[in-house]
Protein chains: 2
Amino acid sequence: MIESQTDLDRMFHALSDRSRRGMIDRLGRGPASVTELAAPLAVALPTVLKHLQVLEESGLVLSAKAGRVRTYRLQKDALAAVERWVEQRKIQWTTTFDRLDQFLADEPETFSE
Amino acid sequence: MIESQTDLDRMFHALSDRSRRGMIDRLGRGPASVTELAAPLAVALPTVLKHLQVLEESGLVLSAKAGRVRTYRLQKDALAAVERWVEQRKIQWTTTFDRLDQFLADEPETFSE
């Protein structure tokens, strides 16, 4: 599967907030209701619901409603797209860094870490 | 190395924009000046500089100035933190999904993919 730029924008945006990463970690231990997901967070319910909306739109989590309770769980392949994106770059970069190491060995150090 | 929540916030935020991911891909082929990085983007220079600032603050890229030209390059272990974060979760989730599969095999399907 090839993710669109929009998919990647949404996914990385979803991961860029520690509350949302905390929700992902909670869901990594099993499905949870909004109440359970909100419990460890010191934020108001509308903020919790907004975080869950961002997570659901990113494709990282999904939800189902049974009666009045909405339960969230992780998509089974939730982080596969992140992994693929990193892996593709690492393959390309190995060559680049081999060349850069050669360049830096030949030239005076111009970059400070 | 353990990344702080702030490090992770910054890194995922840096990756959440397709222009910034494009710059990372360009730098994956070797160091580049601001002019070279701006060339493929249909945005104004201040926007380019803002993207580069976000990338540099995230620790994904670094820069050096020689005379009047600032050159950017990738941090050698740029995506290692993303990889580590994903890997830690995958290890935890394997257990969760084994349990969830068992749960779903025992119960009527309640989640729609």
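Look above for the structure.
Residues numbered from 1 in each chain as written. Chains lettered and ligands numbered in written order. Predicted model: local features only at pLDDT ≥ 70, side-chain atom pairs only at ≥ 80, totals over all residues. Heavy atoms only, no water.

K.L.:
Quick one: what's the story with the overall build of chain A, residue by residue and with numbers?
P.N.:
Helices and strands together make up the secondary structure of chain A, namely five helices and three strands. In chain A, the succession of helices and strands from N to C terminus is α-α-β-α-α-β-β-α. Within the span of chain A, comprising 113 residues, buried residues form 42% of the whole. Within chain A, residue pairs in contact and separated by at least 24 positions form 54% of the contacts whose partners lie at least 6 positions apart. Put simply, chain A shows about 6300 Å² of open surface, and 53% of that area lies on carbon and sulfur atoms. (Helix = DSSP H or I, 4+ residues; strand = E, 2+ residues; numbered from the N terminus. Buried < 20%, exposed > 50% of the residue type's maximum accessible area, 1.4 Å probe, protein only. Contact = heavy atoms within 4.5 Å. Areas by Shrake-Rupley, 256 points an atom, 1.4 Å probe, with all protein chains shown as cover.)

K.L.:
Residues and numbers for the relation of the copies chain B and chain A, please.
P.N.:
After a rotation of 180° and a shift along the axis of 0.0 Å, chain B superposes on chain A with an RMSD of 0.0 Å. Overall, the copies show the geometry of a two-fold rotation axis. Distance from the rotation axis, computed per C-alpha, reaches its smallest value in chain B at B:Phe12: 2.7 Å. A share of 100% of interface residues in chain B that are also interface residues in chain A marks the association as one of identical surfaces. (Least-squares fit on C-alpha atoms with pLDDT ≥ 70 in both.)

K.L.:
Summarise the sheet that holds strand β1 (residues 32–33) of chain A; cite the residues concerned and give the values.
P.N.:
Residues and elements named next belong to chain A. Ordered by their spatial adjacency, three strands build an open sheet running β1-β3-β2, and the pairing between neighbours is antiparallel. With partners counted over all chains shown, the strands left at the sheet margins are β1 and β2 (61–66), one partner each. Two strands pair when backbone bridges link them, and β1 and strand β3 (residues 69–74) are joined in this way by two bridges, in the antiparallel orientation. Residue Ala 32 lies in a different strand from β3, and its bridge partner there is Tyr 72. Seen against the sheet, helix α2 (residues 18–27) touches β1, β2 and β3 and runs at an angle of roughly 90° to β3. Where helix α4 (residues 45–57) meets the sheet, its contacts fall on β2 and β3, and the angle it forms with β2 comes to roughly 115°. (Pairing = 2+ DSSP bridges. Axes fitted to C-alpha atoms, helices over the stretch in contact; angles between N-to-C directions.)

K.L.:
For the nonpolar core, give the residues involved together with the corresponding values.
P.N.:
Within the largest apolar cluster, 54 residues are counted, with the highest numbers of intra-cluster contacts made by A:Leu60, A:Leu79, A:Val82, B:Leu60, B:Leu79 and B:Val82. When residues no more than four places from it in sequence are discounted, the contact partners of B:Leu79 are A:Trp85, A:Val86, A:Arg89, A:Trp93, B:Leu15 and B:Leu60. (Core = buried A, V, L, I, M, F, W, Y, C linked by side-chain atoms within 4.5 Å.)

K.L.:
Lay out the sheet that holds strand β3 (residues 69–74) of chain B in plain terms, naming residues and giving numbers.
P.N.:
Strands in a sheet are paired, the pairing made by backbone hydrogen bonds, and the direction either parallel or antiparallel. Residue and element names in this part refer to chain B. Strands sit in the order β1-β3-β2 across an open sheet of three strands; the sheet is antiparallel. Each edge of the open sheet is held by one strand with a lone partner, namely β1 (32–33) and β2 (61–66). The strands that helix α2 (residues 18–27) touches are β1, β2 and β3; relative to β3, the one it contacts most, it runs at about 90°. Against the sheet, helix α4 (residues 45–57) engages β2 and β3, with an angle of about 115° to β2.

K.L.:
Provide a residue-level description of the packing of aromatic side chains, including the pertinent values.
P.N.:
As enumerated under the stated definition, the model contains three aromatic pairs over all chains in all. Taking 5.3 Å as the distance between ring centres and 75° as the angle between the ring planes, the aromatic pair formed by A:Phe12 and A:Trp85 counts as edge-to-face. Placement of A:Phe12 in helix α1 (residues 5–15) and of A:Trp85 in helix α5 (residues 80–106) is noted, with a sequence separation of 73 residues between them. Each member of the aromatic cluster is reached from another via a ring pair, and the members are A:Phe12, A:Trp85, B:Phe12 and B:Trp85. (Phe/Tyr/Trp six-rings, centres within 6.5 Å; stacked < 30°, edge-to-face > 60°.)

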